[in-house]
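Spelled out from the first residue to the last, the chains are:
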Amino acid sequence: MASREPLNPGRRRLLLASLAGAGLLMTGCTALLDPGDGPDIVAPPLATNSKLRVVIFELEALDLPFHAGIVIFTPEETVIFDPLGRWEPDQCSRDGHLIRDPAPADMARYLARDGVGPAGTSWTVHQVEIAVPPAVARQALALALQTPALPPLHCAYAVSSLLSRLPGFSDVEPDVVTAGLLRTLRDRPDAAYSRRRLPAT
């Protein structure tokens, strides 16, 4: 993996301003999710081989939920649905929106946002795990495979659209608002929610 050079302050401010403009489109100018420096929230992974793990990355400098994806666990395989993502695994390959059967090290890198963004960028990763029947997990994978090319800034729309078509997710509306998607999922009684602040890369 190529090393990344730290940005000088001027370029960094310009990048953050650009991300803010793009992110406001994605979040709908929603209020901060977790103002202040609260502790990490740790929920043990659900002990099932059939579940959905929605992952939302928040840009720490702006308190801005910025990118969304789903890890789809079926009894047969694990697939990361990462619409419009730029992260590249080391031990498997990306096929469009999908990363199939990621090795444990690659999964850890994905959840750590490793290799994405300029040096010095800090993220908070939000994870919402929901157990689903095997048929629903397989349906989620089938929908992910059918996802067409997307316009920019539509990762949350792709994730929420997929979820809205699954049994048991009638509370999810297709939307580009990343923060709204996180609120909806985090408030579900069947959700296991975790939040972890990542060290600057």
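Everything quoted here is computed from the prediction, not taken from an experiment.

1. A few points about the overall build of the protein chain
Helix and strand content of the protein chain: five helices and seven strands. Each helix (α) and strand (β) of the protein chain, taken in turn from the N terminus, gives the series α-β-β-β-β-β-α-β-α-α-α-β. A total of 201 residues make up the protein chain; the buried ones form 47% of that total. Long-range contacts, defined here as pairs at least 24 residues apart, represent 67% of the contacts in the protein chain between residues at least 6 apart.

2. A few points about the environment of Asp 95
Turning to its location among the elements, Asp 95 is positioned in strand 4 (residues 94-95). By relative accessible area, which is 58% here, Asp 95 ends up exposed. Distance from Asp 95 to Leu 145, taken between C-alpha atoms, is 9.9 Å for residues 50 residues apart in sequence.

3. Some points on the side chain of Ser 50
By the secondary structure assignment, Ser 50 is in the loop between helix 1 (9-27) and strand 1 (51-59). From its side chain, Ser 50 meets the backbone oxygen of Pro 133 in a polar contact 3.2 Å long.

4. What about the confidence of the model for the protein chain?
Per-residue confidence for the protein chain gives a mean pLDDT of 80; residues scoring 70 or more make up 76%. Taking the mean pLDDT of every element in the protein chain, the minimum, 43, falls on helix 1 and the maximum, 97, on helix 3 (residues 134-146).

5. Digging into the pairing of strand 3 (residues 78-81)
Within a regular beta strand, the side chains point alternately toward one face of the sheet and then the other, so they alternate between its two faces. Side chains Thr 78 and Ile 80 project from strand 3 onto one buried face, and the interleaved Val 79 and Phe 81 project onto a second face that is buried too. Strand direction decides the pairing type here: strand 3 and strand 5 (residues 98-100), joined by three bridges, are antiparallel. Across the sheet, residue Phe 81 finds its bridge partner in strand 5, namely Leu 98.

6. Comments concerning the packing of aromatic side chains
For the structure shown, the criterion picks out one aromatic pair. Just above the ring of Phe 169 sits the side chain of Arg 188; from NZ or CZ to the centre is 4.4 Å.

Definitions and cut-offs
- Residues numbered from 1 in each chain as written.
- Predicted model: local features only at pLDDT ≥ 70, side-chain atom pairs only at ≥ 80, totals over all residues.
- Heavy atoms only, no water.
- Helix = DSSP H or I, 4+ residues; strand = E, 2+ residues; numbered from the N terminus.
- Buried < 20%, exposed > 50% of the residue type's maximum accessible area, 1.4 Å probe, protein only.
- Contact = heavy atoms within 4.5 Å.
- Polar contact = N/O pair within 3.5 Å; in protein donor to acceptor, adjacent residues only side chain to side chain.
- pLDDT = per-residue confidence, 0-100.
- Pairing = 2+ DSSP bridges.
- Phe/Tyr/Trp six-rings, centres within 6.5 Å; stacked < 30°, edge-to-face > 60°.
- Lys NZ or Arg CZ within 6 Å of the ring centre and 35° of its normal.

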